[in-house]
Each structure stands twice: as structure tokens, then as C-alpha cells.
Amino acid sequence: YSGLAVTSALAPNPPIVGEPANLVVQVVQQSVDPAGIVRGQPVANVSVELFGGGDWAVATANPVVSNSQGRASWQVRCRSTGKQQLGVIVGGQQQFPLDLPACEQPPPETTTTSSTPGSSTSSTTTSTTQP
């Protein structure tokens, strides 16, 4: 339980194909304290680079340097539905796969037509439903 560890978060979750998403990765140095509890100390100022064979587009700089909380962030865009592989290389040496949710198609647009009894006019409303 000692050594580097990486966790990630993606918003929105799940990512929508063709839409921007924010990916944050945190790098910590794990160690076991005298009580047997695993602790993570953020690793600041280390290069973190995205890599992988999945269908992702990275819209921001890559690699980036982790901040004082050990976090590195990117704006990404999923280009295909389903699970897309992505990982990070920390410090130019150690590779970590990221467990990201599968990319989904945008929800379909729904159209409703309504009219008022006794009226000769009707209206159409288009809305998008978010999951």
C-alpha cells in the first residue's frame, strides 16, 4: 500500500459524446502509518500526462504539472460511445490506467404539440431531457 496512487473524477458523469468534460486527476504518495492506516500525501509539481488508445480529444495542454493538492486537470471531449481507455503517466515514468465511465450519446430532443380547445393556433415546444 505504499507508493504513488492516482484517482480521477470526470464531470459530467457520464461524459456526453461531442461535449466538453472536465477531468481531474489527483496524485498522492501513499504510506502506512504506525496504526496501520494508509495515508496519502499529495504530490505537487510533478508532470502528469494523459495517454491511451480511447477516442478522446484533449482541448487543453498535455502534459500539465500537478498543483499543491496533487491535482492535474484537463478539458477533454469523448468522440465515440462506450468505454474509452485513458491513462496518465506520472513523472514521465509511471503509468496508471483511469477508470472512467462509458461515453454516452446526447439525449434525444423531444417535441410536443399542443392546442387549446376553440383556438385555431397551436404551439410547439422542444426540450432536451438530461438523465
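Refer to the structure presented above.
Small disclaimer: the values here were computed from a predicted structure and weren't measured.

(A) Molecular detail of the pattern of salt bridges. Under the criterion given, the structure shown has 3 salt bridges. For Arg79, the salt bridge is made with Asp55, and the minimal N-O distance between the two is 2.9 Å. Here Asp55 lies in the loop between strand S4 (47–51) and strand S5 (56–58) and Arg79 lies in the loop between strand S7 (71–78) and strand S8 (87–90), a separation of 24 residues in the sequence. Among the salt bridges present, the one from Lys83 reaches Asp99, with a minimum N-O distance of 3.1 Å. Taken as a pair, Lys83 in the loop between S7 and S8 and Asp99 in the loop between strand S9 (94–97) and strand S10 (109–115) lie far apart in primary sequence, 16 residues in all. Each of the two residues, Lys83 as well as Asp99, counts as exposed.

(B) Layout of the state of the cysteines. Tallying each qualifying case throughout the model produces 1 disulfide. Paired through a disulfide, Cys78 and Cys103 show a sulfur-sulfur distance of 1.8 Å. Residues Cys78 and Cys103 are joined through a disulfide that is right-handed, its torsion about the S-S bond being 100 degrees. Pair noted here: Cys78 is in strand S7 and Cys103 is in the loop between S9 and S10, with a separation of 25 residues, a long-range link. For the residue pair Cys78 and Cys103, the accessibility class agrees, reading buried in each case.

(C) Main features of the environment of Gly18. Mapped onto the elements of the fold, Gly18 is located in the loop between strand S1 (3–11) and strand S2 (20–32). Take Gly18: its relative accessible area is 35%, and that puts it in the partly exposed class. A C-alpha to C-alpha distance of 8.4 Å links Gly18 and Pro106, two positions 88 residues apart in sequence. Discounting residues that sit within four places of it in the chain, Gly18 has contacts with Arg77 and Cys78.

What counts, and where the lines are drawn
- Residues numbered from 1 in each chain as written.
- Predicted model: local features only at pLDDT ≥ 70, side-chain atom pairs only at ≥ 80, totals over all residues.
- Heavy atoms only, no water.
- Salt bridge = Lys/Arg side-chain N within 4 Å of Asp/Glu carboxyl O.
- Helix = DSSP H or I, 4+ residues; strand = E, 2+ residues; numbered from the N terminus.
- Buried < 20%, exposed > 50% of the residue type's maximum accessible area, 1.4 Å probe, protein only.
- Disulfide = S-S within 2.5 Å.
- Contact = heavy atoms within 4.5 Å.

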